[in-house]
Amino acid sequence: MGRGLKQTAVSEVLERLGEPFAAGFMRDPDATMVERFADALNTWARVLPLRPYDGGLLYPSGPKYWNPEGMAVGWYYVTATPLDRGVFERKLAAANPAEREALEELERVWSAHVFPGGYTHSIPHYERVLREGLNGFDERVRKGLQTASSERDSRAGFFRAMNTTLETARILHNRIVDEIERFVAGDDEQRGNRDALLAALRVVPFRPAERFFDALVATNFTFYFDGCDDLGRFDQYLRPYFERSLAEGELSHDRAVELVRAQWENVNAATAWNAAIGGTKPDGTDLSSELTIVCIEAARGMRRPNLALRLGPSTPDSVWEAALDTIVSGCGLPALYWDPNYYRAMDASGIPLPVEERHEYAFGGCTELMVHGRSNVGSLDDDINVPGVLERSLHGRLSTAADFPEFYEGFRNDLAATIASIVERVNLWQQQKAEWQPQPIRSLLIDDCVDRGVEYSAGGARYNWSVINVMGLANAIDSLAALRTLVFEERRFTGREIVDVLARDFDGAEELRRELQNAPRYGNGDPEVDSLAHDLSQFIFTKFLKYRTWRRGADGEGGPFVPSCLMFVTYVPFGRAVGATPDGRRAKEPIADSAGPYQGRDRSGPTAMMRSVTQLDQQHAPGTLVVNLRLARHHFATPEQRANTKALLRTYFDMGGLQIQVNVVDQEVLRDAVAHPEKYGDLIVRVGGYSEYWSNLEPALRESVLLRTEH
């Protein structure tokens, strides 16, 4: 450190400077990394700004609490943040000598810290929190500390970190209770809400929940403590409490809708993600209930959560009807998933779930496959931009290829090399995360980290795999179909001509571009194009599945690299990285918005579109292949039309589809919203993998939604 401050003094100075996370992290440089992160969060929790309680049904509420605004170093969502240079320089400029020395020491240490790439969502084990209470977690941590071999042993350090993390939960809990107690109610409703919250928080989350409201309060606390990510199989773990409260007359259906909507509003305010509801077991047993319907009704008109409704042949009509009612409200919720096809895809893809736990699957983020409370799934760990790889292949191979099979084989070789480099990069990131980016809260809340004494990023979770985003499939399929037809079969153009025209972004070649645009298109039920779609997707998906992750679970085995195609809003920025392509797309324009056809190119009706999409190798992509379907409102107008709509969706699943999400927004409304976005701040549309406010979409995204075919 040079002259001056001792490490403890550095920590004290940083805390005075409004750097509590850094202060905790710097306090003991000899501690294990997970201990240092746990100390950082613990120190921050004592001063973390809490949103004032306003007399509402649930608290905490509003945006994420772990938000390092105004801090040079902090924790956001699931990871420590790199040094915020602007904040750091402002504090340094105003610092006295001791403060300057502390800040410079922080800069020295943090500049050596590694911040790996990749992303992750996850689902805490809410059910276990409700069943055991955090006191049950405390008991397991104490046993782990007793069995740890030595004071500086890494397992002992892990359990000390878990003990600190439990203390952090107590600190936040006490501060939340204090905030509610300070609130002065303005009317009987606010007074009732305040008193109910205080009564619940005297029990949960440290002791087991007994009633529905207690269980919901504990769920909400855990959601904010974890960093506001996913709620997992919400209706399943709350169902026993819901049914008990319903049977005892202390809860009604309408009151449950009101309470669940308050939870959904928190998810929306925190810009959080997924909740999975309904479903069937592998043997076909229905898992839905009245609470499933409550969850669907509570989502009407909402943007978040990204409500994932799992369906199967035994799903009752009442659940379907509730889903159609909410879909036609225009919010794009719920998205629909077919359990039998997911179970088959898990088997085909080597997802290591035993039969007794297979029904515990849920989704993180947009819709990435994971296991409720038991998994660490990189999601999305990385992306493969298929049109970007094709662009490189075009310039390196098309002019010299003797026929289409030769060019296509070369393209597949380029894809294979890209996939290998992605796997190598992700595995390096996973290794770095284990060393540099531990997650104390998730290590506490996700099985089997505490029971094994292994940190979450190091492989402590029961199940570990990686979800990879496969982008722009439709562009690549359409491009290959056009090349096969116009260059190699009809010989209308040479490979060199195509390459030259693409290099100048079709400048002076509009006629050639129109020829490319008139070539056969994916999404219209064309057997030859669909066969190409199957072959290309199968090659990419199965190539990824051959690899294993660096992160390993208790069995010592890495998980598979699981393909997905879920572009949320990223299909616009990823398109900017790709030049003109042989499907007639100009340079920097958006690529396809997910696994379906490129926006507006499906012109043969919804059944043809679905037939094409199910020709993708869906059974090897349980990460999920997101498919957007726009339906006109009249499809929901009468019982007969609703029955036809349900039959259409069932047909898609019968053909092998995993997931589909439905937008119901009138074309005239969208046209006016593009022209006058200021008038549509509350308009919600389904984008790639979730719903979003129209006002939050950049102009290119708005145009792409307008281009989608309305059936």
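Quick summary incoming for the structure in this document. All values reported here derive from a predicted model rather than from experimental measurement.

## A few points about the overall build of the chain
Alright, step 1. When its secondary structure is counted, the chain shows 28 helices and 17 strands.
Alright, step 2. Over its C-alpha atoms, taken along the principal directions, the chain stretches across nearly 75 × 65 × 50 Å.
Alright, step 3. Taking all 711 residues of the chain together, the buried fraction comes to 63%.
Alright, step 4. Long-range contacts, defined as pairs at least 24 residues apart, comprise 74% of the intrachain contacts of the chain with a sequence gap of at least 6.
Alright, step 5. Both charge centroids of the chain, one from 80 positive and one from 101 negative side chains, sit 2 Å from each other.

## Some words on the nonpolar core
Alright, step 1. Judged by nonpolar contacts, the single largest core of 226 residues is most densely connected at F21, W264 and I540.
Alright, step 2. Discounting chain neighbours no more than four positions away, the residues touching F21 are F37, A40, L41, W44, M71, V73, G74, W75, A80 and W110.
Alright, step 3. Core analysis: the second largest hydrophobic core is formed by five residues, M471, M567, Y571 and V572 among them.

## Focus: the side chain of R128
Alright, step 1. Considering the arrangement of structural elements, one finds R128 in helix α6 (residues 126-147).
Alright, step 2. Overall, the relative accessible area of 11% leaves R128 in the buried class.
Alright, step 3. Residues within four places of R128 in sequence aside, it is in contact with G133, F137, R140, D447 and D451.

## A word on unusual backbone geometry
Alright, step 1. That bond from Y59 to P60 is cis: its omega, 10°, falls within 30 degrees of zero.
Alright, step 2. Tracing the sequence through the fold places P60 in the loop between α3 (33-45) and β1 (75-76).
Alright, step 3. That bond from L333 to P334 is cis: its omega, -10°, falls within 30 degrees of zero.
Alright, step 4. Looking at where P334 falls in the secondary structure, it is placed in the loop between α13 (317-331) and β7 (335-338).
Alright, step 5. If you check the backbone angles, F506 has positive phi at about 65° while not being a glycine.
Alright, step 6. With respect to the secondary-structure elements, F506 resides in the loop between α21 (495-503) and α22 (510-517).

## Remarks on the pairing of strand β8 (residues 361-364)
Alright, step 1. Side chains of β8 alternate between two faces, with Y361 and F363 and A362 and G364 buried alike.
Alright, step 2. In the sheet, β8 pairs with strand β9 (residues 368-371) via four bridges, with the strands oriented antiparallel. Following the sheet pairing, F363 is matched in β9 by L369.
Alright, step 3. Remark: three residues form the turn of the hairpin made by β8 and β9, two consecutive strands paired antiparallel; G365 in that turn has positive phi of roughly 60°.

## Points about the sheet that holds strand β15 (residues 659-663)
Alright, step 1. In spatial order, the strands read β4-β5-β6-β7-β15-β14; together these six strands make up an open sheet with mixed pairing. Of all the strands in the sheet, the pair left with one neighbour each is β4 (232-233) and β14 (628-630).
Alright, step 2. Direction of pairing for β14 relative to β15: parallel, over a ladder of three bridges. Of the residues in β15, the one forming a bridge with L629 is V662.

## Remarks on the sheet that holds strand β3 (residues 120-121)
The pairing of strands in a sheet comes from backbone hydrogen bonds and takes either a parallel or an antiparallel form.
Alright, step 1. In spatial order, the strands read β3-β10-β11-β13-β12; together these five strands make up an open sheet with mixed pairing. The two strands at the open ends of the sheet, each matched to only one other strand, are β3 and β12 (548-552).
Alright, step 2. Relative to strand β10 (residues 375-385), helix α16 (residues 386-397) is tilted by about 35°, and along the sheet it contacts β10 and β11 (463-471).
Alright, step 3. This element, helix α23 (residues 527-545), spans β10, β11, β12 and β13 (558-564) of the sheet and lies at about 160° to β13.

## Focus: the packing of α3 against helix α7 (residues 154-182)
Alright, step 1. Look at α3 against α7: their axes get within 8 Å of each other, and the N-to-C directions meet at 10°. Between α3 and α7, the crossing angle belongs to the class labelled roughly parallel. For the pair α3 and α7, contact is made by V34, E35, A38, D39, L41, N42 and A45 and by G157, F158, R160, A161, T164, T165, E167, T168, I171, L172 and R175, respectively.
Alright, step 2. Here the contact of α3 with α7 is built from residues that sort into eight nonpolar, five polar and five charged.

Analysis parameters
Residues numbered from 1 in each chain as written. Predicted model: local features only at pLDDT ≥ 70, side-chain atom pairs only at ≥ 80, totals over all residues. Heavy atoms only, no water. Helix = DSSP H or I, 4+ residues; strand = E, 2+ residues; numbered from the N terminus. Buried < 20%, exposed > 50% of the residue type's maximum accessible area, 1.4 Å probe, protein only. Contact = heavy atoms within 4.5 Å. Lys, Arg positive; Asp, Glu negative; His and termini not counted. Charge placed at Lys NZ, Arg CZ, Asp CG, Glu CD. Core = buried A, V, L, I, M, F, W, Y, C linked by side-chain atoms within 4.5 Å. Pairing = 2+ DSSP bridges. Axes fitted to C-alpha atoms, helices over the stretch in contact; angles between N-to-C directions. Parallel < 35°, antiparallel > 145°, perpendicular 65-115°, else oblique. Nonpolar A, V, L, I, M, F, W, Y, C, P; charged D, E, K, R; others polar.

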